[in-house]
Amino acid sequence: MELRDIEIFLTLAEELHFGRAAERLHVSAARVSQAIKKQERAIGAELFARDSRNVRLTPLGEQLRDDLRVLHQGLAQTLERARLAARGKAGTLRVSLFPLNIQELRRYFETFRTRHPQWELRVRMSTYADPFGQLRNGDADILVTWPLVDEPDLTVGPTLFAEPRVLAVGKEHPLARRSSVTLEEMSDFQHVNVAPAPDDWFDHYVPQYTPRGRFIARGASVNNVEDSFTLVGMAEAVVLFPVHVARYYPRPDIAYLPVKGLEALAYSLVWRTESENDMIRAFARVVRDLGPLPD
């Protein structure tokens, strides 16, 4: 199996969606499908069970994923060390972001690069599904996200910023003409879900209940912000966002309503405790030194 085919297989094993896997790999969905069929022919058995609605790993596919993930990670790290050595770098710190205001966070990244030219910094946007898996499987060193509740193997570091929330609704939505909305009012409408993800973690983002005890229903699962926008624009859901999303993503089909009575959402550094190293400590020190973004 060629290296590119291994990457295609592992990406599809994470996404379980041909379109999203293709988007991550910057290839067509047909290319992903062809590579998987080629692998299945070579092995002599199906790696994925798929129908018109779902894609899932077969038991054989799960075994191959677990075996290849370790091998691929080791090979990728070896190639990365060689590439860095050729450029006079000693290592790479990989930061994965949930917030979308990367321009406002540049001061942390630029300060780290200035203070530590011996290290490379790589910043990427995170997918929603399995948010802490990327820390545990070694794909990211630091995750920027809202607070955790019960993840004992992870460390929560300093906070970068905290923001009030807005509710994204379609321009033809019954709430669209409102100047603001409360939790009670938005509980009349379906919200999105993120799966697989820890319930306690996502409950910080979308509460399960309003202050008066009304249940806030969650429907379709999303894996990225584009999925959320699509559901909102099609009037299939309403979506809570931190307020910076309204600045970064003004859209003709969406209105953003300030949410009253909901505490600001803080975004902090999170890393796997056992993986803490000099680069992680140095980046956390930069965030502490500069302090959180102003309100």
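Structure's up top.
Structural notes, computed from the coordinates. (Residues numbered from 1 in each chain as written. Predicted model: local features only at pLDDT ≥ 70, side-chain atom pairs only at ≥ 80, totals over all residues. Heavy atoms only, no water.)

### Regarding the sheet that holds strand 7 (residues 165-170)
The strands making up a sheet associate through backbone hydrogen bonding, with each pair oriented either parallel or antiparallel.
Turning to step 1, where the next piece is worked out: Taken together, four strands build an open sheet; the order of strands is 8-12-7-11 and the sheet is mixed. Each having just a single partner strand, strand 8 (181-182) and strand 11 (239-242) make up the two edges of the open sheet.
Turning to step 2, where the next piece is worked out: In the packing of helix 9 (residues 225-233) onto the sheet, contacts are made with strand 7, strand 11 and strand 12 (254-260), and the angle to strand 11 comes to roughly 130°. (Pairing = 2+ DSSP bridges. Helix = DSSP H or I, 4+ residues; strand = E, 2+ residues; numbered from the N terminus. Contact = heavy atoms within 4.5 Å. Axes fitted to C-alpha atoms, helices over the stretch in contact; angles between N-to-C directions.)

### Quick word on the packing of aromatic side chains
The geometry of two aromatic rings is summed up by the distance between their centres and the angle between their planes.
Turning to step 1, where the next piece is worked out: The final tally for this structure, using the stated rule, is 16 aromatic pairs.
Turning to step 2, where the next piece is worked out: Look at tryptophan 146 and tyrosine 267: their rings are 6.0 Å apart centre to centre, the planes differ by 80°, and that puts the pair in the edge-to-face class. Taken together, the residues tryptophan 146 in the loop between strand 5 (142-145) and strand 6 (154-163) and tyrosine 267 in strand 13 (residues 265-272) connect sequence positions 121 residues apart.
Turning to step 3, where the next piece is worked out: Three or more aromatic residues link up through ring pairs in this structure, and these residues are Phe98, Phe132, Trp146, Phe161, Trp201, Phe202, Tyr205 and Tyr267. (Phe/Tyr/Trp six-rings, centres within 6.5 Å; stacked < 30°, edge-to-face > 60°.)

### Some thoughts on the packing of helix 5 (residues 106-115) against helix 11 (residues 278-290)
Turning to step 1, where the next piece is worked out: Direction vectors running N to C along helix 5 and helix 11 enclose 125°, while the axes themselves pass 10 Å from each other. As far as their axial angle goes, helix 11 and helix 5 are oblique. Pair helix 5 / helix 11 crosses with right-handed handedness. Listed contacts from helix 11 to Arg107, Tyr108, Phe109, Thr111, Phe112 and Arg115 of helix 5 are Met279, Ala282, Phe283, Arg285, Val286, Val287, Asp289 and Leu290.
Turning to step 2, where the next piece is worked out: For the contact of helix 5 with helix 11, the class distribution of residues is nine nonpolar, one polar and four charged. (Parallel < 35°, antiparallel > 145°, perpendicular 65-115°, else oblique. Left-handed = near helix turned anticlockwise from the far one by under 90°. Nonpolar A, V, L, I, M, F, W, Y, C, P; charged D, E, K, R; others polar.)

### Considerations on the pairing of strand 4 (residues 119-125)
Turning to step 1, where the next piece is worked out: Sheet analysis places strand 3 (residues 91-97) next to strand 4, joined by seven bridges and oriented parallel. By the bridge assignment for strand 4, valine 95 is matched with valine 123.

### Considering the pattern of salt bridges
Opposite charge on two side chains allows them to pair when their charged atoms are near.
Turning to step 1, where the next piece is worked out: Applying the stated criterion across every chain, the model contains 23 salt bridges.
Turning to step 2, where the next piece is worked out: Residue arginine 20 is joined to glutamate 15 by a salt bridge in which the shortest nitrogen-to-oxygen separation is 3.3 Å.
Turning to step 3, where the next piece is worked out: In this structure, the salt-bridge partner of glutamate 151 is arginine 136, at a minimum N-O distance of 2.4 Å. Within this pair, whereas glutamate 151 is found in the loop between strand 5 and strand 6, its partner arginine 136 is found in helix 6 (residues 133-136), the two being separated by 15 residues in sequence.
Turning to step 4, where the next piece is worked out: Looking at glutamate 151, the relative accessible area reads 17%, which means it is buried.
Turning to step 5, where the next piece is worked out: Overlapping salt bridges, with partners in common, bring together Glu14, Glu15, Arg20 and Arg24 in one network. (Salt bridge = Lys/Arg side-chain N within 4 Å of Asp/Glu carboxyl O. Buried < 20%, exposed > 50% of the residue type's maximum accessible area, 1.4 Å probe, protein only.)

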